[in-house]
Every structure is written in structure tokens, then in C-alpha cells.
Amino acid sequence: MDKPNIAEMILQYEKDKDMTDTQFAFESHLSVERVHNLKSGDYEPTADEIKTVKEYIKLHQ
């Protein structure tokens, strides 16, 4: 259930902030590959990745 939500959160945040995956990855301390995988839905996010994405977006809105 979190997979689509995380992907949608990242996509919407990047759109709102006019960010690339590279910028999002650098600032959230995730690898670009993991950001791509999270957005594609082909990768099962870990609890830490979910927490990292949610906290980053919450702190930077």
C-alpha cells in the first residue's frame, strides 16, 4: 500500500518544487537508483526509505 503512495509523494513533490530525481536523491540522502525504483513501483521500499521520504517531504514543504 505504501509503494504507490511513496511514488506519488515523490512525483508530486518533485513537480511542485521543480526538482529532478538527482536533486531529490541528494537532498533526501537516498541514491538516485533507489528514487527511480521507488517511483517506478518495481522496488519494495524498506521501512527506513518510507520514513526518510515522508520526513524529508514533511520538513521541506
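Residues numbered from 1 in each chain as written. Predicted model: local features only at pLDDT ≥ 70, side-chain atom pairs only at ≥ 80, totals over all residues. Heavy atoms only, no water.

- An unreviewed UniProt entry lists the protein chain under the name XRE family transcriptional regulator, from Companilactobacillus halodurans.

Concerning the packing of helix α2 (residues 21-28) against helix α3 (residues 32-40)
Step number 1: In the contact formed by α2 and α3, the axes pass within 8 Å of each other and the chain directions differ by 115 degrees. As judged from the angle between their axes, α2 and α3 are roughly perpendicular. Considering the relative orientation of α2 and α3, their crossing is right-handed. On α3, the residues that touch D21, T22, F24 and A25 of α2 are V32, V35, H36 and K39.
Step number 2: Along the lines of polarity and charge, the residues of the contact of α2 with α3 split into four nonpolar, two polar and two charged. (Axes fitted to C-alpha atoms, helices over the stretch in contact; angles between N-to-C directions. Helix = DSSP H or I, 4+ residues; strand = E, 2+ residues; numbered from the N terminus. Parallel < 35°, antiparallel > 145°, perpendicular 65-115°, else oblique. Left-handed = near helix turned anticlockwise from the far one by under 90°. Contact = heavy atoms within 4.5 Å. Nonpolar A, V, L, I, M, F, W, Y, C, P; charged D, E, K, R; others polar.)

Points about the pattern of salt bridges
Step number 1: In the structure shown here, the tally under the stated rule is three salt bridges.
Step number 2: We note a salt bridge from E49 to R34, for which the minimum N-O separation is 2.7 Å. Here E49 is found in helix α4 (residues 47-59), whereas its partner R34 is found in helix α3, with 15 residues between them in sequence.
Step number 3: Of the residues examined, R34 reaches a relative accessible area of 37% and is grouped as partly exposed.
Step number 4: Via salt bridges that share partners, E14, D21 and K39 belong to a single interconnected network. (Salt bridge = Lys/Arg side-chain N within 4 Å of Asp/Glu carboxyl O. Buried < 20%, exposed > 50% of the residue type's maximum accessible area, 1.4 Å probe, protein only.)

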